[in-house]
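Here's the letter readout for the chains.
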Amino acid sequence: MAQRTIARVIAQKELKKGCFRMTIEAPSVAKAAKPGQFIHIRCGDSRDPLLRRPISIYKINKKSVEILYNVIGKGTAILSAKKAGDTIDIIGPLGNGFKIYKGSKSIKLLVAGGMGVAPLMGLAEGLTEGSAGGRKQPKKIAILGAKTKNHILCEKEFKKLGIDVHVATEDGSMGKKCLATDLAKEIISSKKYKWSEVCIYAAGPMPMIKVLSVLMEGCSLESQVSFEEKMACGLGACLGCVVDTQAGYKRICKDGPVFNLCEVICE
Amino acid sequence: MKPNLKTKIGNIEMKNPVTVASGTFGYGSEFESLVDIKNLGAIVSKTITLNARVGNKPPRIAETPAGMLNSIGLENPGVGKFLAEKLPAMAKFRIPVIVSIAGESEEEYRKIAEKLDKDDRVQGIEINISCPNIHTNELIAQNETLTAKVVEAVKSATKKTVITKLSPNVTNIISIAKAAERSGSDAISLINTITAMAVDIKKKESKLGNITGGLSGPAIKPIALHMVWKVYHGVKIPIIGMGGIMDWQDAIEFMLCGARVVTVGTANFVNPEASTEVIRGMEDYLKAENIKDVKDIIGKLRV
């Protein structure tokens with residue numbers, strides 16, 4: 001059940017210009033949280049900015065959760081000014097989280113566009129947990145795509161988890177000069193894998209998701225994508241954050257933010 | 001001595017004059033783990049229509065200075081599914097349930113009212129004639145004659161307490177309020193959202209999929225207060241006031257302007273406990289002012 005917590009900031013660090021990682025002491029949120037869920041954060045005490053900001057949980061630790069975010073407006077600017085010891089009013093964990101399917105597909109492919117790495121990190125940690133014991137483990141590959149090398153995040157973190165990481169930048173300043181989806185196609189074909197053996201976990205811009213859903217048509221049952229949208233309540237009450245799906249409008253805060261890859265209608 | 005917070009709207013007995021606004025609280029269950037719903041004076045449902053509505057194209061939300069725009073488009077499962085699936089959850093809080101209804105014609109309003117009239121779990125009906133998001137040529141709430149017809153139609157179909165919710169997007173809100181009163185409305189609630197817009201200059205598009213939306217939140221409070229004040233002097237039936245109430249101080253302002261009951265809406269998104277905090281704050285204020293009964297401050301603005 002979602003709870004409201006007046007939590008405490010343990011640490012905040014600016015990783016790259018305008019990109020911050022905050023660690024929040026919140027044992028009950030950490031205990032309940034699953035990868036893919038988010039927290040709804042009050043930014044400041046004022047009536048402006050008014051609404052909470054929904055931010056993906058990046059990492060789930062024993063007694064804390066971490067968020068990774070860019071400063072893009074009033075709310076995130078206020079968040080970025082918080083220091084260790086400051087309080088932070090959060091509601092969460094919210095949303096449905098990723099499903100980790102065991103045993104069916106032999107290749108787990110994480111595709112992150114820009115800040116899409118944030119919801120996928122907790123998932124990556126969950127995939128690599130309990131990797132011991134007889135049974136053949138799926139191959140784990142991560143494709144990180146962004147505009148430039150300054151926008152590529154968490155490459156080392158994914159590598160540390162034993163994941164095969166590949167980078168694509170639009171300007172070629174790091175990794176391959178192409179889109180994340182082009183790199184994904186290249187890797188799958190160069191290793192002679194079949195798309196039907198792949199389970200995709202993706203987060204990133206709509207055009208990226210659209211390409212992936214076309215690639216995985218007919219074999220996407222386990223593949224999932226995390227979405228975001230402007231939110232008011234964050235609880236499923238106001239119907240403000242809907243996305244169009246094969247089964248009609250669904251709430252990103254409650255029915256999502258994780259949906260089956262081919263469920264969402266990508267315009 | 002504990003001040004008396006009990007009040008009454010039509011036949012609805014409320015243990016305090018605080019409710020939550022239609023559209024901001026779903027059907028209650030979404031907020032259950034975050035606020036003590038059973039402490040509210042009443043709960044008002046999301047607007048129900050005769051048949052299910054899919055709602056407007058996203059994006060449906062945009063933040064504005066000290067406020068927000070919404071363009072939900074009355075997405076709802078229709079009255080049948082509401083009665084079967086949503087009302088049971090609302091009823092279990094054991095507080096008065098007011099169902100907000102809307103239709104495309106007075107016949108539709110009448111049909112919904114008829115269905116709700118049979119159900120003991122419903123204590124009141126709030127007629128939504130003022131939602132600015134449906135594509136009609138004129139809002140019912142902008143026309144005295146249409147307003148009167150709809151209220152008459154609903155009153156003819158039910159003995160339950162009928163509340164007419166007014167739109168601020170009008171030239172003369174007193175005349176609309178009087179039309180509702182003449183037609184038998186038991187109470188008036190106001191204000192609904194103000195038609196407004198927000199623009200994305202990068203995309204050169206409206207921030208809302210539906211282009212326009214309804215403005216709510218602290219930014220509209222001064223407008224809402226004025227309209228409550230005006231309508232209080234225009235009708236004799238009780239007034240339910242709303243528009244940007246964030247805390248108990250805001251609520252007291254509305255009561256001094258003439259509201260018998262106050263409603264918390266957008267604030268629920270910011271602080272899920274805003275409504276119950278208003279109740280507590282109101283009680284403390286009355287104690288501090290040595291006022292024995294909350295009804296004693298209604299319309300007591302000194303002029």
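Criteria and thresholds
Each chain carries its own residue numbering, running from 1 in the written order of its sequence. Naming scheme: in the order in which they are written, chains are lettered from A and ligands are numbered from 1. Selection of residues for local features in this predicted model requires a pLDDT of at least 70, selection of side-chain atom pairs for listing and counting requires 80 or more, and totals for whole chains, interfaces and linings are taken over all residues. Strand pairing is assigned whenever DSSP detects at least two bridges linking the two strands. What counts as a helix is a DSSP run of H or I of at least four residues, what counts as a strand is a run of E of at least two, and both are numbered from the N terminus. Contacts here follow a simple rule: the backbone-placed C-beta atoms of the two residues must lie within 7 Å. With axes taken as lines fitted to C-alpha atoms, and helix axes fitted only over the stretch in contact, angles between N-to-C directions fall between 0 and 180 degrees. Boundaries of every domain are those given by an automatic assignment or by a domain database.

Topic: the sheet that holds strand β9 (residues 164–169) of chain A
Residue and element names in this part refer to chain A.
- The strand order β10-β9-β8-β7-β11-β12-β15 describes an open sheet built from seven strands, whose pairing is mixed. This sheet does not close on itself; its edge strands, each paired only once, are β10 (176–177) and β15 (258–260).
- Strands in contact with helix α3 (residues 117–128) are β7 (107–113), β8 (139–146), β11 (198–203) and β12 (224–226); relative to β7, the strand with the most contacts, it is inclined by about 160°.
- Strands β7, β11 and β12 of the sheet are contacted by helix α6 (residues 206–215), whose axis makes an angle of about 170° with β11.

Focus on the sheet that holds strand β3 (residues 18–20) of chain B
Residues and elements named next belong to chain B.
- Reading around the barrel, the eight strands line up as β3-β4-β7-β8-β9-β10-β15-β16 and close back on themselves, with parallel pairing between neighbours. This sheet shows a mean twist of 25° between the axes of neighbouring strands, independent of strand direction.
- Where strand β7 (residues 97–101) meets strand β8 (residues 124–128), four bridges bridge the pair, whose relative direction is parallel. From the neighbouring strand, Ile98 faces β8, where its bridge partner is Gly124.
- Sheet contacts for helix α5 (residues 221–232): β10 (187–190) and β15 (239–242); angle to β15, the most-contacted strand, approximately 170°.
- Taken strand by strand, helix α8 (residues 274–288) contacts β3 and β16 (261–264), and its axis lies near 170° from that of β3.

Some words on the domain arrangement of chain A
Residue and element names in this part refer to chain A.
- The domain architecture assigned to chain A consists of domain 1 (3–94) and domain 2 (107–260).
- On a C-alpha basis, the centres of domain 1 and domain 2 stand 22 Å from each other.
- Between domain 1 and domain 2, the residue contacts involve 19 residues of the former and 18 residues of the latter.
- Of all elements in the fold, only β1 (3–16), β3 (38–41), β4 (53–60), β5 (64–70) and β6 (87–94) reach the threshold of two or more residues within the side of domain 1 that touches domain 2.
- If you tally residues by element for the side of domain 1 that touches domain 2, the top one is β4, at six residues.

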